Amino acid sequence: MLFVIYFYIVSFIIGIFCRIKVTGAENLPDGSAIICGNHTSLLDPIVIALAMYRERRQKSKFMAKIELSRVPVLSWLIKPFVIFVDRGNSDRKAIKDTIDLLRNGEKIIIFPEGTRVNAGEDSKAKTGVALISIKSEAPLVPVYLTEGKKNLFRFPKLTVSFGKPYLPQKEEGLSTSESYRKIADDLMGRIRALKGEGV
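Only a predicted model underlies this, so the values are computations on that prediction, with no experimental measurement involved.

Caption draft 1: Representation of the packing of helix α4 (residues 92-103) against helix α5 (residues 128-136). α5 packs onto α4 with a crossing angle of 40 degrees between their chain directions and a minimal axis gap of 9 Å. The orientation of α4 with respect to α5, classified from their angle, is oblique. Considering the relative orientation of α4 and α5, their crossing is right-handed. The residues of α5 that touch α4, namely those facing I95, T98, I99, L102 and R103, are L131, I132, K135 and S136. Residue composition of the contact of α4 with α5, by class: five nonpolar, two polar and two charged.

Structure (C-alpha cells):
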C-alpha cells in the first residue's frame, strides 16, 4: 500500500515536469528479476520504478549508496524501498539481503556501474550484479534510460526501454572472477544496445 501511495504522489509531481515514454514493458517478467540500467541522474531509480508500476503494476526496490541513509527526511522516506550498500567495502550483508529478496520473488533495481556517470561516458559494470544473479537465479533485465542530469525545469522527454530478460551462466574454463567480469561486460553491452529504441 505504501508503494502505491508513493507512486501516485511522485507520478503526479514528475508528470507535471516531464513526459515518460516506455518501450519493451512486455519484457518485464513475472516474479523476481534484477532490473539493470545505466545511471546518469539521481532521478533514474524513481523514473524506472514509476515506469514499471505504470505499465505492468510491478513494485520494485533498489540498491542505493549508504550515504543516503544519513540524509535527514530523505532516508526516512526511501528506507522501505531501499537496500543500502557500502560501496567502499565488500558489503556482504547488502548482497545477502538482496539475494534473499530476489529468492522471495521481488524485483530489485540495480545500477551495474555502481555510481552515476556522465552522459556518453563508457564505464564498466561492477561484477557484484553477476554474483547476485547467479546466486539468486534471478534473470537480468537490461534497461536504457535517457541520459543526462534530467533538469525537471526544462520539461524533458524521457524514454525508458526495457530489454529481454535472460539468465547469465558462468562460462566453463574461466575462473569465477573472469566469468563474473564477462557477464557484467555483456550486461552493459545489452543496456547500451537499447539506446535509441522508442525514440
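Caption draft 2: Spotlight on the nonpolar core. I35, I48, I109, V160 and F162 are the most contacted members of the largest nonpolar core, which totals 32 residues. Elements represented by at least two residues in this core include exactly α1 (2-17), β1 (19-23), β2 (33-37), α2 (44-56), β3 (61-65), β6 (140-145) and β7 (157-162).

Caption draft 3: α5, seen in detail. Regarding α5, the residues found buried are V129, A130, I132, S133 and S136. For α5, the angular spread of the buried residues around the axis is 165 degrees, confining them to a single face. Considering only its buried residues, α5 is in contact with β2, β3, α4, β5 (107-110), β6 and α6 (176-193). Among the residues trailing α5, E137 stands out with phi positive, at a value near 60 degrees.

Caption draft 4: Here's a closer look at the packing of aromatic side chains. Evaluation of the coordinates by the stated rule reveals five aromatic pairs. A centroid spacing of 5.8 Å and a plane angle of 80 degrees characterise the contact between F3 and F81, whose relative ring orientation is edge-to-face. Of the two residues, F3 sits in helix α1 while F81 sits in the loop between α3 (74-78) and β4 (82-85), which places them 78 residues apart along the sequence. With a relative accessible area of 12%, F3 lands in the buried category. Take F81: its relative accessible area is 12%, and that puts it in the buried class. Each residue in the set F3, Y6, F7, Y8, Y53 and F81 is aromatic and connected to the rest through ring pairs, giving one cluster.

Caption draft 5: Quick peek at α6. Between the first and last C-alpha of α6 there are 26 Å, a value that for 18 residues agrees with the 26 Å anticipated at 1.5 Å per step. All of the buried residues along α6 are S179, Y180, I183, A184, L187, M188 and I191. Of the surrounding elements, those touching the buried residues of α6 are β2, α5 and β6.

Caption draft 6: Quick peek at the sheet that holds β3. As summarised here, the arrangement of the seven strands in space is β1-β7-β6-β2-β5-β3-β4, forming an open sheet in which the pairing is mixed. Both outer strands of the open sheet, β1 and β4, are each paired with one neighbouring strand and no more. Going from strand to strand, the sheet's axes swing by 25 degrees on average, the running direction of each strand aside. Strand direction decides the pairing type here: β6 and β7, joined by three bridges, are antiparallel. Note on β7: the bridge partner recorded for L145 is V160. In the packing of α2 onto the sheet, contacts are made with β1, β2, β3, β5, β6 and β7, and the angle to β7 comes to roughly 65 degrees. The sheet strands contacting α6 are β2 and β6, and the helix crosses β6 at an angle near 45 degrees.

Procedures and definitions
Residues numbered from 1 in each chain as written. Predicted model: local features only at pLDDT ≥ 70, side-chain atom pairs only at ≥ 80, totals over all residues. Heavy atoms only, no water. Axes fitted to C-alpha atoms, helices over the stretch in contact; angles between N-to-C directions. Helix = DSSP H or I, 4+ residues; strand = E, 2+ residues; numbered from the N terminus. Parallel < 35°, antiparallel > 145°, perpendicular 65-115°, else oblique. Left-handed = near helix turned anticlockwise from the far one by under 90°. Contact = heavy atoms within 4.5 Å. Nonpolar A, V, L, I, M, F, W, Y, C, P; charged D, E, K, R; others polar. Core = buried A, V, L, I, M, F, W, Y, C linked by side-chain atoms within 4.5 Å. Buried < 20%, exposed > 50% of the residue type's maximum accessible area, 1.4 Å probe, protein only. Arc of directions from axis to C-beta. Phe/Tyr/Trp six-rings, centres within 6.5 Å; stacked < 30°, edge-to-face > 60°. Expected span 1.5 Å × (residues − 1). Pairing = 2+ DSSP bridges.

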